[in-house]
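What follows is each chain in one-letter form.
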Amino acid sequence: QVQLVESGGGLVQAGGSLRLSCAANGGIVSINAMRWYRQAPGEERELVAGITSGGSTNYADSVKGRFTISRDMAKNTVYLQMNSLKPEDTAVYYCNVLGRRSLWSDFNSWGQGTQVTVSS
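Residues numbered from 1 in each chain as written. Predicted model: local features only at pLDDT ≥ 70, side-chain atom pairs only at ≥ 80, totals over all residues. Heavy atoms only, no water.

Another point: the state of the cysteines. By the definition in use, this model includes one disulfide. Residue Cys22 pairs covalently with Cys95 via a disulfide, S to S 2.0 Å. One disulfide, between Cys22 and Cys95, carries an S-S torsion of 50° and so falls in the right-handed class. With a gap of 73 residues between them, Cys22 in strand 3 (residues 18-25) and Cys95 in strand 9 (residues 91-102) connect regions that are remote in the sequence. (Disulfide = S-S within 2.5 Å. Helix = DSSP H or I, 4+ residues; strand = E, 2+ residues; numbered from the N terminus.)

In this section: the environment of Thr90. With respect to the helices and strands, Thr90 occurs in the loop between strand 8 (77-82) and strand 9. The partly exposed category is assigned to Thr90, whose relative accessible area is 22%. For Thr90 and Ala49, which are 41 residues apart along the polypeptide, the C-alpha to C-alpha distance reads 15 Å. Dropping the residues within four chain positions of it, Thr90 is found in contact with Ala40, Gln115, Val116, Thr117 and Val118. Side-chain polar atoms of Thr90 contact the backbone oxygen of Pro87, separated by 2.9 Å. (Buried < 20%, exposed > 50% of the residue type's maximum accessible area, 1.4 Å probe, protein only. Contact = heavy atoms within 4.5 Å. Polar contact = N/O pair within 3.5 Å; in protein donor to acceptor, adjacent residues only side chain to side chain.)

Within the secondary structure, Asn76 is located in the loop between strand 7 (67-72) and strand 8. Dropping the residues within four chain positions of it, Asn76 is found in contact with Cys22, Ala23, Ala24, Ile28, Ile31 and Met34.

Moving on, we get to the packing of aromatic side chains. The tally for this structure, following the rule as stated, stands at one aromatic pair. On the numbers, 4.9 Å between centres and 50° between planes, the contact of Tyr37 with Trp110 is tilted. Of the two residues, Tyr37 is situated in strand 4 (residues 30-39) and Trp110 in strand 10 (residues 105-110); the sequence distance between them amounts to 73 residues. Judged by its relative accessible area of 16%, Tyr37 is buried. Accessibility expressed as a relative area gives 37% for Trp110, which makes it partly exposed. Here the guanidinium or amino end of Arg45 rests over the ring plane of Tyr94, the centre of that ring lying 3.8 Å away. Between the NZ or CZ atom of Arg45 and the centre of the ring of Trp110, over which it lies, the distance is 4.9 Å. (Phe/Tyr/Trp six-rings, centres within 6.5 Å; stacked < 30°, edge-to-face > 60°. Lys NZ or Arg CZ within 6 Å of the ring centre and 35° of its normal.)

On to the pattern of salt bridges, then. Applying the stated rule across the entire model yields five salt bridges. Put simply, Asp89 and Arg38 hold a salt bridge, and the shortest N to O gap is 2.9 Å. Here Arg38 lies in strand 4 and Asp89 lies in the loop between strand 8 and strand 9, a separation of 51 residues in the sequence. We classify Arg38 as buried; its relative accessible area is 6%. Residue Asp89 is joined to Arg66 by a salt bridge in which the shortest nitrogen-to-oxygen separation is 2.7 Å. Taken together, the residues span a long stretch of sequence, with Asp89 in the loop between strand 8 and strand 9 and Arg66 in the loop between strand 6 (57-59) and strand 7 at a distance of 23 residues. One connected set of salt bridges, linked through shared partners, spans Arg38, Glu46, Arg66 and Asp89. (Salt bridge = Lys/Arg side-chain N within 4 Å of Asp/Glu carboxyl O.)

Counting residues in hydrophobic clusters, the biggest one holds 28 residues, and the most contacted among them are Trp36, Val48, Phe67, Val78, Leu80, Met82 and Tyr93. Elements supplying a minimum of two residues to this core: strand 3, strand 4, strand 5 (46-52), strand 7, strand 8, strand 9 and strand 11 (114-119). Sequence-distant contacts of Val78, that is, excluding residues within four places in its chain, are made with Leu20, Ser21, Cys22, Met34, Trp36, Ile51, Ile69, Ser70, Arg71 and Cys95. (Core = buried A, V, L, I, M, F, W, Y, C linked by side-chain atoms within 4.5 Å.)

None of the figures reported here should be taken as evidence of function without further support.
Right, here's the structure in full:
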């Protein structure tokens with residue numbers, strides 16, 4: 001079973017920066033996509049950023065120009081660099097990784113979530 005371990009959340013003042021990390025472990029043959037989602041209290045989970053195996057990236061309009069997603073394929077790790085943080089970025093952030101464990105077995109795993117709180 002593929003497990004994801006997240007780190008890097010915390011409390012920061014508006015305008016500050018945080019870097020989230022998510023490492024995938026457990027019999028991974030290949031990774032197709034790595035994504036970050038977030039969920040604020042009372043809100044639906046939303047896609048923040050994604051990166052494909054080929055390196056293509058996409059971002060939610062609300063974070064374009066402020067957040068950067070990257071990955072280290074040798075470590076099966078995805079990062080989210082968050083700059084110019086705003087109070088509205090406050091949420092629990094989840095990583096999501098899709099890939100293959102074998103020729104016959106795909107996986108779609110989620111991290112445990114890490115809290116990001118931005119104070120005004």
